[in-house]
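Chains, contacts and geometry: an overview
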Amino acid sequence: MKTENHNFTGYFALALAASIWGGMYVVSKYALDFIPPFTLLWLRYITGFCVLFPLAARQHKTPLTRVDQRAFLSVGFVGYFISVGLQFIGTRLSSAHNGAIITSASPAFILLFAWLMLGERLTRRKLFSVLMATAGVIVVVGWDSGAGGGKWALLGNLALIGAAVTWALLSVLARKFSATLSPLVITTGAVFWAAIMTTPVMFVEWRYLPVSGLDNPLLWGAVLYLGVVATAGAFYFWNKGLSLVEAGTGSVFFFLQPVVGALLGWLMLGEHLSLSFFIGGAVILLAVLIASLPAGSRIKN
């Protein structure tokens, strides 16, 4: 019974994180029109850290060890600096369709890394749910990425591929380190190191990409949303979910991002939703349900 409760809590946390990130596209696309990628990333992390640190300090009373700091550094560098940085660059250079398709490869890499690093079994149910959800994403966004864009679009696509691979590695590392550290402490420490690593890149970025719109209150509202909700909140929920369920099983919830993003685009931007969205969305939700059903694979908590 306790394991089932852990599973439900983990599934809910993963679904919530993926849904928040799905809605983040509208906000980040708006903010990137005024603030270049790594500057926006730095603002996200500073804001998120200010929210997370008081909570983590109250929870974690014992001194942190060098092993703990290495865990923070690993998650912060691989996931929050490299992966999210590549995601922002890819979003700026490539198309939304390409981003949805390419980053949806992340769960497949999670299955691979979880098998190699954590010894998780590659069950038929996991593989089938990932393949089904991938098919659903392709139906939702379409396979046609929109020809054109030249070398910049190609660089954006390569950045998105890098983001998918490194996010998968982050997810497995978070699962691994959750055996000794709480998700809140992992998230706080990783965001701290990510902010430090982003700082010099931000200064270099200023030489080529200007910052504008700082007198726009909507822009600062977008920054607060990205920092508080999409960073402090969603990063914590993702790490919390992965501490309760296997990384391979939890990876399927990543596919909720394009569905939620499309729904919010329809609600907030008046974007058209075709029949393919509802068909593909139903396939994705069915894949998530299949991955969530109790099965023979054992989950270590």
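This write-up is about the structure you can find in this document. (Residues numbered from 1 in each chain as written. Predicted model: local features only at pLDDT ≥ 70, side-chain atom pairs only at ≥ 80, totals over all residues. Heavy atoms only, no water.)

Concerning the overall build of the chain
Using the following cut-off: For helices the rule is a DSSP run of H or I covering at least 4 residues; for strands it is a run of E covering at least 2, with both sets numbered from the N terminus onward. Using a 1.4 Å probe on the protein chains alone, a residue whose accessible area is under 20% of its type maximum counts as buried, one over 50% counts as exposed, and one in between counts as partly exposed. Residues are treated as being in contact if the distance between any of their heavy atoms lies within 4.5 Å. Here the open area of atoms and residues is found with the Shrake-Rupley method and a 1.4 Å probe, where only the protein chains shown may cover a residue.
If you tally the helices and strands in the chain, you get twelve helices and zero strands. Reading the helices (α) and strands (β) of the chain from amino to carboxyl end gives α-α-α-α-α-α-α-α-α-α-α-α. Taken across its 301 residues, the chain has 52% of its residues classed as buried. Residue pairs in contact within the chain that sit at least 24 positions apart in sequence constitute 92% of those at least 6 positions apart. In the form shown here, the chain has an accessible surface area of approximately 14,400 Å², with 71% of it arising from carbon and sulfur atoms.

Quick look at the nonpolar core
Going by this rule: Residues belong to one nonpolar core when they are buried, are Ala, Val, Leu, Ile, Met, Phe, Trp, Tyr or Cys, and are joined through side-chain atoms within 4.5 Å.
Counting 77 residues, the largest nonpolar core has Y45, Y80 and W167 as the members making the most contacts within it. Broken down by element, this core gets its largest block of residues, eleven residues, from helix α9 (residues 217–244). Excluding residues that lie within four positions of it along the chain, W167 makes contacts with W21, G79, Y80, S83, V84, S106, F235, W238 and F254.

Digging into the environment of A262
Positionally, A262 belongs in helix α11 (residues 256–269). On the basis of relative accessible area, A262 is assigned to the buried category, the value being 18%. Here A262 is in contact with L273 and F277, once residues within four sequence places are set aside.

Thoughts on the side chain of S178
Among the structural elements, S178 can be located in the loop between α7 (150–177) and α8 (183–205). For S178, a relative accessible area of 18% gives the class buried. What S178 contacts, discounting residues up to four positions off in sequence, is I186, L242 and S243.

Remarks on a nonpolar patch on the surface
Spelled out, the test is: The patch calculation keeps residues exceeding 30% relative accessible area without a salt bridge and links them within 9 Å when they carry like charges or within 5 Å when they are nonpolar (Val, Leu, Ile, Met, Phe, Trp, Tyr). What makes a salt bridge here is a side-chain nitrogen of Lys or Arg within 4 Å of a carboxyl oxygen of Asp or Glu, nothing more.
A cluster of nonpolar side chains, namely L112, W115, L116, M117, L122 and L127, defines an oily patch on the protein surface of about 540 Å² accessible area. Secondary-structure assignment places L112 in helix α5 (residues 106–118). The class of L112 is partly exposed, set by a relative accessible area of 36%.

Quick word on the packing of aromatic side chains
Defined as follows: Each Phe, Tyr or Trp ring, with Trp reduced to its six-membered ring, pairs with another whose centre is within 6.5 Å; inter-plane angles below 30 degrees give stacked pairs, above 60 give edge-to-face pairs, and intermediate values give tilted ones.
Counting across every chain of the model gives 18 aromatic pairs. Each ring, one from F192 and one from W193, has its centre 5.6 Å from the other, and the planes form 75°; the classification is edge-to-face. When its relative accessible area of 36% is taken as the criterion, F192 is described as partly exposed. A residue is classified by how much of its surface remains accessible, and W193, at 25% relative accessible area, is partly exposed.

A word on the packing of helix α2 (residues 37–59) against helix α3 (residues 66–93)
We count it as follows: An axis is simply a line fitted to the C-alpha atoms; with a helix, the fit covers only the stretch in contact. Between two such axes, the angle follows the N-to-C directions and lies from 0 to 180 degrees. Geometric relationships in this document are graded by angle, where less than 35 degrees denotes roughly parallel, more than 145 denotes roughly antiparallel, 65 to 115 denotes roughly perpendicular, and other angles denote oblique. Left-handed describes a crossing whose near helix is turned anticlockwise from the far helix by less than a right angle; the clockwise case is right-handed. Only Asp, Glu, Lys and Arg are considered charged in this grouping, and only Ala, Val, Leu, Ile, Met, Phe, Trp, Tyr, Cys and Pro are considered nonpolar; every other residue, Gly among them, is considered polar.
At a closest axis distance of 9 Å, the pairing of α2 and α3 adopts a crossing angle of 135°. Taken together, α2 and α3 sit at an angle that is classed as oblique. Crossing angle aside, the handedness with which α2 passes α3 is right-handed. Contacts between α2 and α3 pair P37, F38, L40, L41, R44 and Y45 from the former with Y80, F81, V84, G85, F88, I89 and R92 from the latter. A breakdown of the residues in the contact of α2 with α3 according to their chemical character gives ten nonpolar, one polar and two charged.

Details of α3
Convention followed: Given a helix with a known number of residues, its expected span is that number minus one, times 1.5 Å. In this analysis the local bend is the angle between axes fitted, respectively, to the seven residues ending at and the seven residues starting at the residue.
Taking 1.5 Å of rise per residue, 28 residues should cover 40 Å, and α3 covers 38 Å from first to last C-alpha, within 8% of that figure. The largest bend in α3 comes to about 35°, at G76.

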